[in-house]
Amino acid sequence: MTSRRVSVRLRLTLVYGSLFFGVGVVLVGVNYLFVRDVLSRPAKMTVQGIPEALASLNPSQPSVAVSIPKDTLFLRAISDARTQYREDVMGSMLQWSLLAVAVVGVAGLAIGWIVARRAMAPLQTMTEAARRLSESTLHERIALGGPRDEIRDLADTFDSMLERLSRAFDSQRRFVANASHELRTPLAINRALLQVSMTDPELPRQVRTVGTELLNANARQERLIEGLLLLAQSEREPAERLPVDLAELAGSAMTSVPETTADLRPAPAEGDPVLLERMIGNLLDNAVKYNDERALVVLRTHSDRWGSVVTVENTGRVVPSGRVEDLFEPFRRLDRDRTGSAGGAGLGLSIVRAIAQAHRGSAEARPRPGGGLVVTVRL
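Residues numbered from 1 in each chain as written. Predicted model: local features only at pLDDT ≥ 70, side-chain atom pairs only at ≥ 80, totals over all residues. Heavy atoms only, no water.

- The name that an unreviewed UniProt entry assigns to the protein chain is histidine kinase, with the source organism given as Streptosporangium vulgare.
- Taken verbatim from the UniProt record of the protein chain, the Catalytic activity (unreviewed entry) comment is "ATP + protein L-histidine = ADP + protein N-phospho-L-histidine." (UniProt positions renumbered as here; feature names shortened; annotations may be inferred.)

This is the structure in structure tokens:
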């Protein structure tokens, strides 16, 4: 059974309020004991002194002779009246003191709630910044102002960490882009040399077979390099966002997959049209590549109050629900093979998610009943 999370602000408020109540109760207790001690002290007045005491209560009146019988009943009545008076005073004092503690305690809770909100405001700012950050927004900083205290030091440390992460990700992207770019040239040269050599009509059959295999391997390497380059480019947030309709981009992307069943409704968004069309194309290519004899591919676009949505559904082998998230990792497939497959480099869904996240969106998948996947991209 999971316990309900209690916020730090609520805990601070309870601490402040408890301190008010605790101090108030202690003060009431001390005051109660002191007053009770004073009222419980024996009176320094004999029975003979009562007439003078009564006369002193109203000095404007002449003295009146009072005859007081010296019997036990009268003394007991005086004692009972004194006890009743003490109890009335103590009860009234305790009642009003507790009421004052309650009022002050409630005021303390309200003050504590306000003070806790002000104290927790910088932490809330940091939480919102951390929740907003992704690989494409690591350039943002908290830049917390105010006095140099522990919270300010924490925010500055967080900014320093973001700076290091941003440099590391930029270095990684530059390396992948540069390496991919440098590898494309020798692969293109190898492909050209093989194609020229294969045009020789006197080429032996065995050599021609080897040449065909080399061309296929070269093509797989070119697709891998192209995918890595696209992945490095798509992880960056677009420098310019243009208004687009995902339905129109989906219509253009599905021209290469004519067997697709489409339900295209308007889905306005903003972003890089080239990358978004490539994202939808990758979804369709992945749906066709890993389909089975049923060959069902359904493409849908629509918009709702949360954004614009692209969904691609296909038939295929049964996908365990625990393995779906792995398909978005680079070089990961359902059967855990890597780049040695003719089906592709294993970067299709990785590129889809990278483009979606670069446009501040998300890409999720779920197994389709009967086999296959339903991949949903929301911008």
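**Here's the deal with the nonpolar core**
Piece 1. Residues Ile 280 and Leu 284 are the most contacted members of the largest nonpolar core, which totals 40 residues.
Piece 2. Put simply, the parts of the chain that give this core at least two residues each are helix H5 (205-234), helix H6 (246-253), helix H7 (273-289), strand E4 (297-304), strand E5 (307-314), helix H8 (348-358) and strand E7 (373-378).
Piece 3. The element best represented in this core is H7, accounting for 7 residues.
Piece 4. Apart from the residues lying within four places of it in its own chain, the contact partners of Ile 280 are Leu 246, Leu 249, Ala 250, Ala 253, Leu 299 and Val 310.
Piece 5. Of all hydrophobic cores here, the second largest spans 7 residues; its members include Met 126, Ala 129, Ile 142 and Leu 162. (Core = buried A, V, L, I, M, F, W, Y, C linked by side-chain atoms within 4.5 Å. Buried < 20%, exposed > 50% of the residue type's maximum accessible area, 1.4 Å probe, protein only. Helix = DSSP H or I, 4+ residues; strand = E, 2+ residues; numbered from the N terminus. Contact = heavy atoms within 4.5 Å.)

**Regarding the packing of aromatic side chains**
Any two aromatic rings considered together are summarised by their centre-to-centre distance and by the angle between their planes.
Piece 1. Scanning the entire structure with this criterion turns up 0 aromatic pairs.
Piece 2. Directly above the ring of Phe 328 sits Arg 353, whose terminal nitrogen or CZ lies 4.0 Å from the centroid. (Phe/Tyr/Trp six-rings, centres within 6.5 Å; stacked < 30°, edge-to-face > 60°. Lys NZ or Arg CZ within 6 Å of the ring centre and 35° of its normal.)

**Here's the deal with the sheet that holds E5**
Piece 1. A sheet is described by the order of its strands in space; here 5 strands give the open sequence E2-E4-E5-E7-E6, paired in mixed fashion. Each end of this open sheet is capped by a strand with a single partner; those strands are strand E2 (261-264) and strand E6 (362-367). Averaged over all pairs of adjacent strands, the angle between their axes in this sheet comes to 15°, without regard to strand direction.
Piece 2. Across the sheet, H8 lies against E6 and E7, angled at about 140° from E6, the strand it touches most. (Pairing = 2+ DSSP bridges. Axes fitted to C-alpha atoms, helices over the stretch in contact; angles between N-to-C directions.)

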